[in-house]
Structures are given as C-alpha cells and as structure tokens.
Amino acid sequence: MKPLLDSFGRRIEYLRISVTDRCNLRCVYCLPREPVSWLPRQEILRFEEILEVVRAGAELGLTRVRLTGGEPLLRPGLTDLVAGLAQVPGLRDLALTTNGVLLARQAGVLARAGLKRVNVSLDTLDPQRFAAVTRFGKIDDVLAGIEAALEAGLAPVKINVVVMRGVNDDEIVPMARLAWERPLHVRFIELMPIGEYFTRERLVSSREILERLTALGPLEPAEPAAGCGPARTFRWAGAKGTVGVIGAVTQAFCAGCNRLRLTASGQLRPCLDDDSAVDLKEALRPKVDAARLAKQILRAVAAKPEMHGMFRRETGSARLCMAGVGG
Ligand code: SAM
C-alpha cells in the first residue's frame, strides 16, 4: 500500500483514539480538581462510528491504533470495540493507555478480544504521594492492574511516569528498578506545558533523567519495545525490561511524528498542541459518507504542522487538556 505522507514527508500511520473524555482520577498536571463538564453522551462517537473511522484510516495507510481518553476503561463495553478493531484489515498494532485503576478486572477479557499491549500511567510508588498526585486514586488498584496485564499476556507492558521536580523526581531510580526485576518498560516523560500546574521549575529534562538513571549502572541503547513512539530506550545488562525517556518538551521530535488524534467527540487533530481539528462527525452523521470520511482524514494529514510550540512555552496552555484530546 502507498504510505500516507504529510506535507513534510512524514509517514502517518498511528491513530490515538480518545473513547471518552471522562476520567476516574484528577491528576494534578492533567485535570482541574473541580468537576469539569463532560461531553453529553450523544456527542461521543459510538463504537460503530469509531470503527468506520479506523476502517477508512486503515485503507489510507494507518496501521496502528491506541485507545486512550479520559480513562478508556470507563467506557462501557470497551471489549466490543477492541474485538471490532482487531478485525480491521491492515491494522497491525492495537494498544491501550490507562491509569490502571480498572485494569485488574478487564485485562484478561481485553487480551482475549485482541488487545495487544498496554501502557499504564503511574507516577510514584508511594501510596500517599499517589493519592496526592491523582487527587483520589488508590495505588493498589493500579499495581493489581499491572500484574493482571502481565498475566494476561499483554506485551509489552509499559509504565508511563510523568516526572515533576520536587514531587516525584526522587523516585526516578526506584521506579526504574521495576525494569530490572520485571519485564516492564518504564518510560519517563517530561511534564508538558498544559494547564496551570506546569512551571519551568517543575520540568525535569530527559537529559537530567538519563543522568540520574546512569547511577544504577551503565545503560545500553535498546530496541524500543513494540511501538514507534518518541521514546529513547535503554537497558541494563541483565535487566528484564527497559527504561526510556520521552523529551516531549526539550527534544523536538516532531520530525518523526507519525500520529493523528481522534477526540471522543469526533474531531481529528493533526497535532497535540494545535487547536485546529477536522470534524469527522459530519461525515458520520446522520449516515456514514465513506468518501467524505476519507477526504476529511486526508485534510487532517495535510494540516499537520511541522512542529509543536511546547518547547518555547513558559506557562501551561489553558486551552490544551490531555484528557480531552486523548493523551
Ligand atoms: N487515563 C489514561 C491514563 O492515565 O493513562 C489515558 C489518558 S492520560 C491523559 C494519557 C497520558 O497523558 C498519561 O500517561 C498522563 O500521564 C499523560 N499526561 C497528561 N497530562 C500531562 C502533562 N501535562 N505532561 C505530560 N504527560 C501528561
């Protein structure tokens, strides 16, 4: 199949799909404490509509899908969507990003439905700190979810850690140890300038994170565990897993960007940090117009900017919210 290229010659093959804007946590760097107003149910794409988008995208050259949110495991019947996606010709990767709270219950059925792998967000191993960062989460639920994912054969299991100076940067080494002992892939992510929480002081650069990791021993570059994301991946000789850093802010990795993001309400966003979006709902409702859908997807690809502007920003963007866009 002809590759799907944007106007800068980048191959676009990866679609991140937010299946709900709702979340059962309120991580300080992601959502405000006060209840936000969630999208009305009729605004949210139905599973059949998501499948139409993915089928159209796969025909154009998309090969990878990740389900995210909000918290995707809050969406009732998610297994049915996974089963449908697993049947789409041309898709070779089907992954999920979750906070893990509901994963223990769902990992097995999701794996049986065709989910291949999972990323679990976990910023600390300290129960009290976890409760503070997520505002009301219980860490034991997430740890049980990680175990269930390993048991279900979802592989690789990646752990996403957002590093914040003065909050959890003293846990870089303890969290990296998870990758020694278990087949886990721990990725440290720079805090992105989103919302009021971000300050330059809180940002710990991927370079500094790597320096701290070398305290555990010399790191060797490693093949990234499945996925073609922006992480730089390393391992220690003898370790069961890998560690990685994602320099979302300090490393301009836009040159390798391969993704589009579908919001829960059917907006296709060319770039995380760009408000412009192409409305796919108009090609889906009242009934599916396949030709229009393909055209709209191509419009989003053509609109991909060369670079995001996050590395220049001193304060968090008030208009951007990972939970809304599908982080
Ligand atoms: N609820 C799911 C979860 O927690 O993984 C999926 C959605 S969440 C928005 C996706 C990812 O975005 C999480 O790994 C989260 O840590 C990350 N994220 C949200 N806000 C961020 C920020 N300001 N900087 C870096 N990562 C952020």
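Residues numbered from 1 in each chain as written. Predicted model: local features only at pLDDT ≥ 70, side-chain atom pairs only at ≥ 80, totals over all residues. Heavy atoms only, no water.

S.K.: What am I meant to see in unusual backbone geometry here?
M.R.: Leaving glycine aside, a negative phi is the common case for residues, and trans is the common case for peptide bonds. In this model, Ala 155 is joined to Pro 156 through a cis peptide bond whose omega is 0°. Position of Pro 156 among the secondary structure elements: in the loop between α5 (139–151) and β5 (157–163). The linkage connecting Arg 285 with the following residue, Pro 286, adopts the cis geometry, with an omega of 0°. Not every positive phi belongs to a glycine, and Arg 135 is a case in point at roughly 75°. Relative to the helices and strands, Arg 135 resides in the loop between α4 (127–134) and α5. With relative accessibility at 23%, the residue Arg 135 sits in the partly exposed group. (Helix = DSSP H or I, 4+ residues; strand = E, 2+ residues; numbered from the N terminus. Buried < 20%, exposed > 50% of the residue type's maximum accessible area, 1.4 Å probe, protein only.)

S.K.: Any chance you could explain the pattern of salt bridges here in plain terms?
M.R.: Between side chains of opposite charge, a pair can form as their charged atoms come close. Scanning the model with the defined rule gives 17 salt bridges in all. The closest approach of N and O atoms between Glu 48 and Arg 55, which form a salt bridge, is 3.3 Å. Judged by relative accessible area, which is 42%, Glu 48 ranks as partly exposed. Residue class for Arg 55 comes out partly exposed when judged on its relative accessible area of 32%. The partner of Glu 282 in a salt bridge is Arg 292, with the nearest N and O atoms 2.1 Å apart. Of this pair, Glu 282 sits in helix α9 (residues 281–284) while Arg 292 sits in helix α10 (residues 290–302); the two residues are 10 residues apart in sequence, bridging distant segments of the chain. Residue class for Glu 282 comes out partly exposed when judged on its relative accessible area of 38%. (Salt bridge = Lys/Arg side-chain N within 4 Å of Asp/Glu carboxyl O.)

S.K.: Explain the environment of Gly 57 here, please?
M.R.: On the secondary structure map, Gly 57 appears in helix α1 (residues 47–60). Expressed as a C-alpha distance, the spacing of Gly 57 and Ala 294, which sit 237 residues apart in the sequence, is 7.2 Å. Sequence-distant contacts of Gly 57, defined by excluding residues within four places in its chain, comprise Leu 62 and Ile 297. (Contact = heavy atoms within 4.5 Å.)

S.K.: Hey, could you run me through the site of the ligand in this one?
M.R.: The full set close to the ligand counts 19 residues, and Gly 70, Glu 71, Thr 97, Ser 121 and Met 192 are the nearest of them. In the environment of the ligand, an oxygen atom lies 3.1 Å from a nitrogen or oxygen atom belonging to the side chain of Tyr 29. Glu 71 is positioned with one of its side-chain polar atoms (N or O) 3.0 Å from a nitrogen atom of the ligand. Out of a free accessible area of 550 Å², the ligand has 95% covered by protein chains. Of all the elements in the fold, those that place two or more residues in the shell around the ligand are β3 (93–98), β5 and α11 (322–325). The class makeup of the residues in the shell around the ligand is 8 nonpolar, 9 polar and 2 charged. (Near = heavy atom within 4 Å. Polar contact = N/O pair within 3.5 Å; in protein donor to acceptor, adjacent residues only side chain to side chain. Areas by Shrake-Rupley, 256 points an atom, 1.4 Å probe, with all protein chains shown as cover. Nonpolar A, V, L, I, M, F, W, Y, C, P; charged D, E, K, R; others polar.)

S.K.: Quick question: what am I supposed to make of the pairing of β5 here?
M.R.: Successive residues of a regular strand alternate their side chains across the two faces of the sheet. Within β5, 7 of the 7 residues are buried, leaving the element largely enclosed by the surrounding structure. Here β5 shows two buried faces, one formed by Val 157, Ile 159, Val 161 and Val 163 and the other by Lys 158, Asn 160 and Val 162. Two elements, strand β4 (residues 117–121) and β5, share 4 bridges in a ladder whose sense is parallel. The partner of Asn 119 across the bridge, within β5, is Lys 158. (Pairing = 2+ DSSP bridges.)

S.K.: What exactly am I supposed to notice about α5 here?
M.R.: What sets the pattern is the α-helix's 3.6 residues per turn: residues three or four places apart point alike. Compared with an ideal rise of 1.5 Å per residue, which puts 13 residues at 18 Å, α5 spans 19 Å between its outermost C-alpha atoms and is within 8% of the ideal. Where the residues of α5 are buried, they touch α3 (103–113), β4, α4, β5 and β6 (184–190). Count one or two residues on from α5 and you reach Gly 153, which has phi positive near 85°. (Expected span 1.5 Å × (residues − 1).)

S.K.: Explain the nonpolar core to me, please; I cannot follow it from the model alone.
M.R.: Generally speaking, nonpolar side chains in soluble globular proteins are found buried as a group. Grouped together as the largest cluster of nonpolar side chains are 101 residues, with contacts concentrated most on Leu 15, Leu 67, Phe 188, Leu 213 and Val 243. Here the element with the most residues in this core is α1; it accounts for 8 residues. Apart from the residues within four sequence positions on either side, Val 243 is in contact with Ala 176, Ala 179, Val 186, Phe 188, Leu 213, Leu 219, Arg 232, Thr 233, Phe 234 and Trp 236. (Core = buried A, V, L, I, M, F, W, Y, C linked by side-chain atoms within 4.5 Å.)

S.K.: Can you walk me through the packing of α1 against α10 in this structure?
M.R.: Helix packing for two helices is described by the angle between their axes and how far apart those axes are. Between α1 and α10, the shortest axis-to-axis distance is 10 Å and the interhelical angle comes to 65°. The pairing of α1 with α10 is recorded here as roughly perpendicular in orientation. α1 and α10 meet at a crossing whose hand is right-handed. Contacts between α1 and α10 involve Glu 52, Val 53, Ala 56, Gly 57 and Leu 60 from the first element and Leu 293, Ala 294, Ile 297 and Leu 298 from the second. (Axes fitted to C-alpha atoms, helices over the stretch in contact; angles between N-to-C directions. Parallel < 35°, antiparallel > 145°, perpendicular 65-115°, else oblique. Left-handed = near helix turned anticlockwise from the far one by under 90°.)

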